[in-house]
Amino acid sequence: MKITDRRSVLKAGLGGLAGAASLPLIGGLSACARGASAEPLATQALTDRVMLVTGAPGNLVALSSGDGVLLVDSGAEPMARSVQASLPARVRTLFNTHYHADQTGGNALFGEEGATIHAHEITRQWLSANYYVPAEDRWVPAPPEAARPTETFRQTGEMTAGDETVEYGYLLEAHTRGDIYVFFRDSNVLAVGDVASPQRDPSLDWYAGGWLGGRVDAMDDLLAMVNDDTKIVPAYGPVMSRADLQAERDMMTHLYDRTTELCVTGHSAEDMYEMGVMDEVDREFEDPQKFLYDVMKGLWAHYTNFGGATV
Ligand SMILES: [Zn+2]
């Protein structure tokens, strides 16, 4: 099965049980079903103590800190055991960059084994109740208690893990309304979740509060944090340099300027597509119409941020 996006992952994790509403979904899965395969995933050393895990289906970042692992994102639920098998030690601390199932599917496994789960407060809220996926007109059941973040924040924070200073903080409405970065300051590795997307179409979960203006602002915040040696890890795709991040930010800024300008003059997503807005950037989008649709949903939700006074 080729997993291409979040919705595919959701189907992979839950599809077999779809419709069986009386079944206790995620929480009722056995450890075996939760991780059908325990083959380790591919890993790559980013520094002597920070490791990249790929294919979960996205990227995870793991810091070895002497008394266990600090892990950024837990992967999709069917891969949880494989993620676990890829790590050098038990997960003591887990961060979720946002609530999506391909970043939080392993939470239950690691939570049950004693990991402390950190996330933005909004992410905890999304994981604490059933939520609706409008593009598919269906509900995703809330994960079990053990999968929910217990340590939450709204702005920034810092902790020490072994010799590493770990900084984390909010990225305003960049992809959802609860996105965060996790910065391994001493190792100079920055995990940014789905706020940068060098490979897949940048995704804006407008239903959860993500929008293009928030994404541009968040990318500016990230650029201010990094230098030319920083290894920037997106949720999917290759590790990025500062120049890569700058290029993506500039592309998103162009699209923000154009779509807001066209939005206030009464144009629809379809108009923008037909006017060739997506051909103005140096990037081939897999589904440019969906991207513009999601952009417009977010712009309407934030119209007063850019559209001037309304009455
Ligand atoms: Zn996401």
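Each value, and the rule that gives it
- Residues numbered from 1 in each chain as written.
- Predicted model: local features only at pLDDT ≥ 70, side-chain atom pairs only at ≥ 80, totals over all residues.
- Heavy atoms only, no water.
- Helix = DSSP H or I, 4+ residues; strand = E, 2+ residues; numbered from the N terminus.
- Contact = heavy atoms within 4.5 Å.
- Core = buried A, V, L, I, M, F, W, Y, C linked by side-chain atoms within 4.5 Å.
- Buried < 20%, exposed > 50% of the residue type's maximum accessible area, 1.4 Å probe, protein only.
- Pairing = 2+ DSSP bridges.
- Axes fitted to C-alpha atoms, helices over the stretch in contact; angles between N-to-C directions.
- Phe/Tyr/Trp six-rings, centres within 6.5 Å; stacked < 30°, edge-to-face > 60°.
- Lys NZ or Arg CZ within 6 Å of the ring centre and 35° of its normal.
- pLDDT = per-residue confidence, 0-100.

J.: Provide a residue-level description of the overall build of the chain, including the pertinent values.
T.: Each helix and strand in the chain was counted, giving 12 helices and 14 strands. Taking contacts inside the chain between residues at least 6 apart in sequence as the whole, the part at least 24 apart equals 62%.

J.: Quick one: what's the story with the nonpolar core, residue by residue and with numbers?
T.: Leu190, Leu222, Leu245, Leu255, Phe291 and Leu299 are the most contacted members of the largest nonpolar core, which has 40 residues in total. Elements with a minimum of two residues in this core: β12 (180-184), β13 (189-193), α8 (212-225), α9 (242-264), α10 (269-274), α11 (288-301) and α12 (303-306). Excluding residues that lie within four positions of it along the chain, Leu190 makes contacts with Tyr181, Val182, Phe183, Leu222, Met225, Val226, Thr230, Lys231, Ile232 and Val233.

J.: Any chance you could break down the sheet that holds β12 for me, citing the residues and the numbers?
T.: A sheet is described by the order of its strands in space; here 5 strands give the open sequence β10-β11-β12-β13-β14, paired in mixed fashion. Looking at the sheet topology across the chains shown, the edges are occupied by β10 (156-161) and β14 (231-234). On average, each strand axis in the sheet is tilted by 20° relative to the strand beside it, whichever way the strands run. One ladder, built from 3 bridges, connects β12 with β13; its direction is antiparallel. Note that in β13 the partner of Phe184 across the bridge is Val189.

J.: Explain the packing of aromatic side chains to me, using residue names and the numbers behind them.
T.: Tallying each qualifying case throughout the model produces 14 aromatic pairs. Among the aromatic residues, those joined into a ring-pair cluster are Trp211, Tyr256, Trp300, Tyr303 and Phe306. When the ring centre of Tyr236 is taken as reference, the NZ or CZ atom of Arg200 above it lies at 3.5 Å. We note Lys297 situated over the ring of Trp206; from NZ or CZ to the ring centre the distance is 4.8 Å.

J.: Account for the confidence of the model for the chain, naming residues and giving values.
T.: Here the chain averages 89 in pLDDT, and 87% of its residues register 70 or above. Scored below 50 in pLDDT, residues 1-33 makes 45 contacts in the model with residues more than four places away or belonging to other chains.

J.: Could you give an account of the pairing of strand β6 (residues 116-120), with specific residues and numbers?
T.: The element β6 is largely enclosed, with a buried count of 4 among its 5 residues. Sheet topology note: the strand β5 (residues 91-95)/β6 ladder contains 3 bridges and is parallel. Its bridge partner lying in β6, Leu94 is registered against Ile117. One ladder, built from 3 bridges, connects β6 with strand β9 (residues 151-153); its direction is parallel.

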